[in-house]
Amino acid sequence: MDKISDTKMSVDAHPDGEKMDTKEGTVFVSQPTSALDGRQSMYSDSTITFENYAYWAKRSREVEKNISTDDAGFAHWRKRLFSKPDAPVQRSSAVAESSAKQTSNTNSDSTADSWGITETEWEQAQRAGRTATWGSIFYLITTDILGPTNVPWAISQMGYGPGAVLYTVFGGLACYSGMQLWRIFVGLDSTRFPMRNYGDVAFRVYGNRARIFVNVLQSFQFFLNVALLIVSNGQGLAQMAVGANGNGFLCFIAAEVIFVVIGFVLGQIRTLQRLSYLANIAIWLNIIVVIMTMAVVYQYPPNYAASLTSYGTPKGPVKTAGYWPESSTLRDKVNAMMNAVFAYGGATLFNELMAEMRRPYDFWKGFILAEIFIYVCYLLSGMVVYSAQGQFTFNPAYQGIPNSAYKFQTLGNAISFITGVIAALLYGNIGIKVFYNVVLRDVFHLPDLNSRTGKFIWIGLAPAYWALAWVFAAAIPQISNLASFVGAACILQFSFTFPPLLLVGFNIQNDAILPEEEFNPSTGQAQRLDSGMKRWIRGYKKKFVWNTFDILYAIGALGAAGLGIWASVTSMHTQFQAGSLTPFTCANPAG
């Protein structure tokens, strides 16, 4: 088969390349990429082959091994605290210069493309926007996922045993799925063909239709996440305005507007590295609220009024259950399970976070630490609060503190208001970026967000995005049911359905490559000995057991999603029929 490389090859416009018959057999030659010569975007160019992505990804990972991250993250702060005065901390410019030299040495065979840009210049330009380290990733993931305030309510619907089991199982599966996305990202992302988001992963594995579907669903989830935060923080702000005497002066819907206006202003932050500093603060503020709530619920009775208004729970003695509570219906159990899914729903952002890392391979460090930290917080806070409040446990937990403990209730609401703004900024930031890149840039060819025009467009997009989220939040002021719907319709897909399906597609294409098949990086041409179903079957059989397990895993997740959507939608309908809450209401759901 070594003679194949000497064969003169022609290329047509078909994505699989031209079929050629040689003495050695049938060869499929992929066409060279047109993305780099300016004819179309690399993010929608179906002519770029899997081998092309994989080759440059492997090359990028080798280069990144020599890139220092000492000027950021945990290492940066360790140096600032413990280095001697005459040993200044290395700054970003020095590291960038060092990295550039290392990249240049690694790519000594750089040649200019049709625009006169060398490979080294291309890599330096692409790396300039990647500043996040694994320490920043720990903060961002924890800020995104950590939501222990809804865990006590979920456990109150499941009981101690099922609650602990489900949060453990979903935590383990979320970790497994996150590592799947990491495996795919490091195998396909490069400075030559950088990935930006979840949709890019779907495109490189399954094509453009998968990319469009994923991007639409992802944008919808980020939008709903912002809406959820508007509801919860609107409740908190209105509750703070009530005061210890119970005489409120702030309408619930007006409180939501105040939160949205703050989002208008602070939503102008565009880079994740800047948000990571705020995310660091948000983590510790969340921990303060959790510890305060666990301590106070044992000193004061539950918030009977809030529980009655939102859940219709009559006042009585506190009851807890080791197994499923007797009053818990199938719908309640499914909604509680979907809240557990929602609690671990961070995989939607993982690709976006890796896309802004200096060394994406290091993602697993921050991810594993964040998962362990989050799991411990969930079980500890959930069990403690449920033990004290039983069936009256409220969502979010700190709003279940009664008005008689107004100072503690206000402390929880005030701190959570701050962390809610930070989390909403993170969701809004990514949501607007996804919408801008996949619609406004790819379809309407608008300029990059970092350009002068792009910055002006961002100024207008942020208020519009937040205003629409407010309309949705005011229409459905039901935190638990809305969280269940988001968990079932969106988060469950990104965290438990899509990752195994994407990894199966990645494994099939990667394992189908034969040793005698060659790839020419200078032309972007890949020589394949076959194509179609035969190639897919060969790739699937290489990891048959794992691929089969992942497919069954994805099917199970889809079944759970359908059940969750049914439970959340019917619960919304029932609660609106009860008449205690109405769309665009002035009455605070938190009492």
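In the block above lies the structure referred to throughout.
About the criteria used
- Residues numbered from 1 in each chain as written.
- Predicted model: local features only at pLDDT ≥ 70, side-chain atom pairs only at ≥ 80, totals over all residues.
- Heavy atoms only, no water.
- Helix = DSSP H or I, 4+ residues; strand = E, 2+ residues; numbered from the N terminus.
- Buried < 20%, exposed > 50% of the residue type's maximum accessible area, 1.4 Å probe, protein only.
- Contact = heavy atoms within 4.5 Å.
- Areas by Shrake-Rupley, 256 points an atom, 1.4 Å probe, with all protein chains shown as cover.
- Salt bridge = Lys/Arg side-chain N within 4 Å of Asp/Glu carboxyl O.
- Phe/Tyr/Trp six-rings, centres within 6.5 Å; stacked < 30°, edge-to-face > 60°.

**Student:** Run through the overall build of the protein, naming residues and quoting values.
**Tutor:** Helix and strand content of the protein: 20 helices and four strands. Expressed as a percentage of the 591 residues in the protein, the buried residues total 56%. Intrachain contacts of the protein at a sequence separation of at least 6 include 80% that bridge at least 24 residues. Only carbon and sulfur atoms are counted for the fraction: they give 64% of the accessible area of the protein, which is about 24,700 Å².

**Student:** Give a description of the pattern of salt bridges that names residues and reports values.
**Tutor:** The full count for this structure, using the stated rule, is 13 salt bridges. Between arginine 538 and aspartate 530 there is a salt bridge, with its nearest N and O atoms 2.6 Å apart. Accessibility expressed as a relative area gives 9% for aspartate 530, which makes it buried. One continuous salt-bridge network, built from bridges that share partners, spans Glu51, Glu517, Arg528, Asp530, Arg535 and Arg538.

**Student:** Please give an account of the packing of aromatic side chains that cites residues and values.
**Tutor:** One pass over the structure, following the stated rule, counts 35 aromatic pairs. Between tyrosine 55 and phenylalanine 519 the ring centres are 5.4 Å apart and the planes differ by 50°, which places this aromatic pair in the tilted class. Here tyrosine 55, found in helix 1 (residues 50-64), pairs with phenylalanine 519, found in strand 3 (residues 519-520); they are 464 residues apart in sequence, far enough to count as distant. Note on tyrosine 55: relative accessible area 29%, which makes it partly exposed. Ring centres 6.3 Å apart and planes at 75° place the aromatic pair tyrosine 323 and tryptophan 324 in the edge-to-face group.

**Student:** Run through the environment of tyrosine 176, naming residues and quoting values.
**Tutor:** With respect to the element layout, tyrosine 176 can be found in helix 7 (residues 160-188). For the pair tyrosine 176 and proline 499, spaced 323 residues apart in sequence, the C-alpha separation works out to 9.1 Å. Residues in contact with tyrosine 176, not counting those within four places in the same chain, are Trp546, Phe549, Asp550 and Tyr553.

Any functional reading would require information beyond the geometric quantities listed.
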